[in-house]
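Listed below are the residues making up each chain.
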Amino acid sequence: MLNIIIFGGPGSGKGTQSDLLKEKYGLFHISTGDVLREKIRKQTELGKKADALISKGNLIPDSLMLEILENVLSHHTDAKGFIFDGFPRTLPQAEALDELLQKRNTKLSGIVGLEVPESILEERLLNRGKVSGRSDDNLETIQKRLEVYRKQTEPLIGYYKQEGKFNGVDGVGSIEEIFNRISTVIDAL
Ligand code: AMP
């Protein structure tokens, strides 16, 4: 099984690249942000709770995220592998993911970290906000999301480096250039 985490700050291109990677490698794409936005659209209880947190740029509690992840994994037991996009975002999530995969007799193949300077992330998200209609693509929330990334998510790089699984990739360039860089990393896993 090929299990990849596509890692990076908000606006680093995780979703765009995941869409290409899932086709090339036949992986099931789990975007926890997409799952949450679907729950918001359906106005489920969890969706209502998530809406308030997301629009302020805060993370959803780990326990809820784990429930969501376990649910998705259990519905796709026949997948050739997974691409995790937007998960994990905290250390407890990373540890729980290792355990969940272990329980399924599999493990992470590698982490691809898209490296993009913060000024470019901000610019990309502001541009996306003009068309995305996302409640979190406005300047105030973008700045909060960048701060949350720096404080809560970026430390995971150290966790995965320690496991020898982190592969940094230059996330600045054309979509195709970046896709080729990521493919080179995945082909070598
Ligand atoms: P994304 O589409 O990955 O940028 O996620 C949008 C928002 O959903 C984030 O800013 C968080 O509020 C929430 N979210 C998505 N994934 C997670 C996660 N793994 N843990 C906590 N919150 C998450």
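Use the structure listed above.
These lines cover the structure that appears in this document, whether it is placed above or below.

Cut-off values and rules
- Residues numbered from 1 in each chain as written.
- Predicted model: local features only at pLDDT ≥ 70, side-chain atom pairs only at ≥ 80, totals over all residues.
- Heavy atoms only, no water.
- Near = heavy atom within 4 Å.
- Polar contact = N/O pair within 3.5 Å; in protein donor to acceptor, adjacent residues only side chain to side chain.
- Areas by Shrake-Rupley, 256 points an atom, 1.4 Å probe, with all protein chains shown as cover.
- Helix = DSSP H or I, 4+ residues; strand = E, 2+ residues; numbered from the N terminus.
- Nonpolar A, V, L, I, M, F, W, Y, C, P; charged D, E, K, R; others polar.
- Salt bridge = Lys/Arg side-chain N within 4 Å of Asp/Glu carboxyl O.
- Buried < 20%, exposed > 50% of the residue type's maximum accessible area, 1.4 Å probe, protein only.
- Pairing = 2+ DSSP bridges.
- Axes fitted to C-alpha atoms, helices over the stretch in contact; angles between N-to-C directions.
- Contact = heavy atoms within 4.5 Å.

Turning our eyes to something else, we now look at the site of the ligand. The immediate surroundings of the ligand are formed by 16 residues, with T32, R37, N58, G86 and R89 found nearest. In the model, a nitrogen atom of the ligand is placed 2.8 Å from a nitrogen or oxygen of the T32 side chain. In the environment of the ligand, an oxygen atom lies 2.9 Å from a nitrogen or oxygen atom belonging to the side chain of R37. When the free accessible area of the ligand is taken as 490 Å², the share hidden by the protein chains comes to 96%. With four residues, helix α2 (residues 32-41) is the largest single contributor of residues to the shell around the ligand. Residue classes in the shell around the ligand are distributed as six nonpolar, five polar and five charged.

Okay, the pattern of salt bridges next. Per the stated rule, a full pass over the model turns up 14 salt bridges. Measuring nitrogen to oxygen at the nearest pair gives 2.8 Å for the salt bridge that ties R41 to E38. Residue R41 and its partner E38 are located together in helix α2, separated by three residues, close to a single helical turn. For E38, a relative accessible area of 31% corresponds to the partly exposed category. Among the ionic pairs, E38 bridges to K42, the shortest N-O distance being 3.6 Å. When salt bridges with common partners are traced through the structure, they connect R128, R134, D136, D137 and R145 into a single cluster.

Bringing unusual backbone geometry into the picture now. At the junction of F87 and P88, the peptide bond is cis and its omega measures out at 0 degrees in the coordinates. Backbone geometry at N105 places phi at a positive 55 degrees, although glycine is not the residue there. Looking at the secondary structure, you find N105 in the loop between α5 (91-103) and β4 (110-115).

Looking now at the sheet that holds strand β2 (residues 28-31). Taken together, five strands build an open sheet; the order of strands is β2-β3-β1-β4-β5 and the sheet is parallel. The sheet terminates laterally at β2 and β5 (166-170), the two strands that pair on one side only. Mean inter-strand twist for the sheet, computed between neighbouring axes without regard to direction, equals 20 degrees. Sheet topology note: the β2/strand β3 (residues 81-85) ladder contains four bridges and is parallel. When the bridges of β3 are listed, I30 appears paired with F84. The strands that α2 touches are β2 and β3; relative to β2, the one it contacts most, it runs at about 65 degrees.

Below, the discussion takes up the environment of S74. Here S74 is to be found in helix α4 (residues 62-74). In this structure the C-alpha to C-alpha distance between S74 and L125, which are 51 residues apart in sequence, comes to 32 Å. Polar contacts involving the side chain of S74 include one to the main-chain carbonyl oxygen of N71, which spans 2.9 Å.

So, to be careful, I would describe these as geometric facts and stop short of saying anything about function.
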